[in-house]
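# A structural walkthrough
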Amino acid sequence: MKIIAAVTHEAGAKFAIENVELQEPKTGEILVKVLASGICHTDVEGVEGHLPTAIPAVLGHEGAGEVVKVGPGVTEFQPGDRVGFSFAYCNACANCYAGRPASCLKFNQINFGGVLPDGTSRLSQNGRTLSMFFGQSSFAEYAVVAAQSAVKVPYDDVDLAVVAPMGCGIQTGAGTVLNALKPEFGSSIAVFGCGTVGMSAIMAARIAGCAKIIAVGGKDHTLALAKELGATHTINRKTCPDIAAEIKEITGGGANYSIDTSGNVNFVRAALHCLAPLGVEAVVGITPPMEIDMFGELMAEGKTLTGVIEGAAVPKVFIPQMIEYYRQGRFPVDRIMQFYDFEDINRAYEDSLSGKCIKAVVRMKK
């Protein structure tokens, strides 16, 4: 079928809204009318050509919409179902069998390799294959998605444009807190970065009952919003000469947990130094190579430094949990979102890149 999609033709180029061909869903897949898609930093990496995804491609990996058709063998969904979708996974390796799909042994291959889990793409243009992204390519009117990567949204009162970003960025931040770190009630946590992932982590830390939630960012207005969303303390990285020392002062000796969402080497180190003995730092940003004094910075105080992918989430379990928290008013993620028409995706992308908005979400016409 012919559809409209935002095609990335070369690294660094603007999205081109063009006609492309989308194949019918195969066994275990569903065809979805995409109604919204978030723009994530990983999409930026794809546009800039920093990922192994071959270009030309249709990016987008925080999609949501309505099921139009189901492929053979699909019993979980039917046409008309409202769904969000998340990352792809093979569902056949040891980690998938163990309930850890975010650590799928083929994660990079099927999310960044330009194909669906069966090794082929459903997208083409003028006879040329287009790479898919995260098993969905949601910067388009329609998407073919593996049913195992889709999550039913049972509530008609929940805007699918709010659900869409839960498939990656929001899931990463909230899941890192609730699924990976699992902070004890009354503990302390420092969150470096006040973008989508950081803000989601801050909201999740409030849900978890952390007594001290310290937001570290570089803009006064985002730090003010972080305070409204759950941070008990804020630190402006541009004016604070020693962030780790300030956090130790606030917590009376060091935070129990920290998260770096920035990928900045200096902040990864500060997030480690701000910890109390036995503290745990989770790194979720794409970070360049760096050196660590294994004894002085890590082992001597029994600290843990760990990487977390996609919030260590099982999307079919965790996305419904986030939706419930949102409906209860405990997880107001819509406050970090700004909505755009799909035709304005380039403006949405630029606003996201410049920091003019925290989470840009494009809406497609129904």
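See the structure above.
Overview of the structure.

### Looking at the pairing of strand β18 (residues 359–363)
For β18, the buried fraction is high: four of the five residues fall into the buried class. Across three bridges, strand β3 (residues 29–38) lies against β18 in antiparallel orientation. What sits directly across from Ser37, in β18, is Val362. One ladder, built from five bridges, connects strand β17 (residues 337–341) with β18; its direction is parallel. By the bridge assignment, Met337 is partnered in β18 with Lys359.

### Examining the packing of helix α6 (residues 196–208) against helix α7 (residues 220–229)
One can describe the packing of α6 onto α7 by two numbers: an axis separation of 9 Å at closest approach and a directional angle of 25 degrees. Judged on the interaxial angle alone, α7 and α6 are roughly parallel. For the crossing formed where α6 meets α7, the hand is right-handed. Residue-level inspection shows Met199, Ile202, Met203 and Arg206 of α6 in contact with α7, the latter providing Thr222, Leu225, Ala226, Glu228 and Leu229. When its residues are assigned to classes, the contact of α6 with α7 shows six nonpolar, one polar and two charged.

### Topic: the sheet that holds strand β11 (residues 188–192)
Note: strands within a sheet are paired through backbone hydrogen bonds, in either parallel or antiparallel orientation. Spatial ordering of the open sheet is given by β13-β12-β11-β14-β15-β16, a layout of six strands whose pairing is parallel. Single-partner strands in this sheet number two, and they are β13 (233–236) and β16 (304–307). Neighbouring strand axes in the sheet, compared pairwise and without regard to direction, differ in orientation by 15 degrees on average. Where strand β12 (residues 212–217) and β13 come together, four bridges link them in parallel fashion. Across the sheet, Val216 pairs through a bridge with Ile235, a residue of β13. Sheet strands in contact with α7 are β12 and β13, and its direction is about 165 degrees off that of β13.

### Thoughts on α6
With 13 residues, α6 extends 18 Å between its outermost C-alpha atoms, agreeing within 8% with the 18 Å of an ideal straight helix rising 1.5 Å per residue. Of all 13 residues making up α6, eleven are buried, and the element is well covered by its neighbours. Along α6, the positions that sit buried rather than exposed are Thr196, Gly198, Met199, Ser200, Ala201, Ile202, Met203, Ala204, Ala205, Ile207 and Ala208. Two residues or fewer past α6, Gly209 is found with a positive phi of approximately 85 degrees.

### Things to note about the nonpolar core
Core analysis: the largest hydrophobic core is formed by 56 residues, its most contacted members being Ile30 and Phe139. When sequence neighbours within four positions are dropped, the list of residues in contact with Ile30 reads Pro25, Val67, Lys69, Val70, Val74, Phe77, Ala143, Val144, Val145, Ala147 and Ala150. Counting residues in each nonpolar core, the second largest holds 52 residues, with Val163, Leu223, Ile259 and Ile336 among its members.

What counts, and where the lines are drawn
- Residues numbered from 1 in each chain as written.
- Predicted model: local features only at pLDDT ≥ 70, side-chain atom pairs only at ≥ 80, totals over all residues.
- Heavy atoms only, no water.
- Buried < 20%, exposed > 50% of the residue type's maximum accessible area, 1.4 Å probe, protein only.
- Helix = DSSP H or I, 4+ residues; strand = E, 2+ residues; numbered from the N terminus.
- Pairing = 2+ DSSP bridges.
- Axes fitted to C-alpha atoms, helices over the stretch in contact; angles between N-to-C directions.
- Parallel < 35°, antiparallel > 145°, perpendicular 65-115°, else oblique.
- Left-handed = near helix turned anticlockwise from the far one by under 90°.
- Contact = heavy atoms within 4.5 Å.
- Nonpolar A, V, L, I, M, F, W, Y, C, P; charged D, E, K, R; others polar.
- Expected span 1.5 Å × (residues − 1).
- Core = buried A, V, L, I, M, F, W, Y, C linked by side-chain atoms within 4.5 Å.

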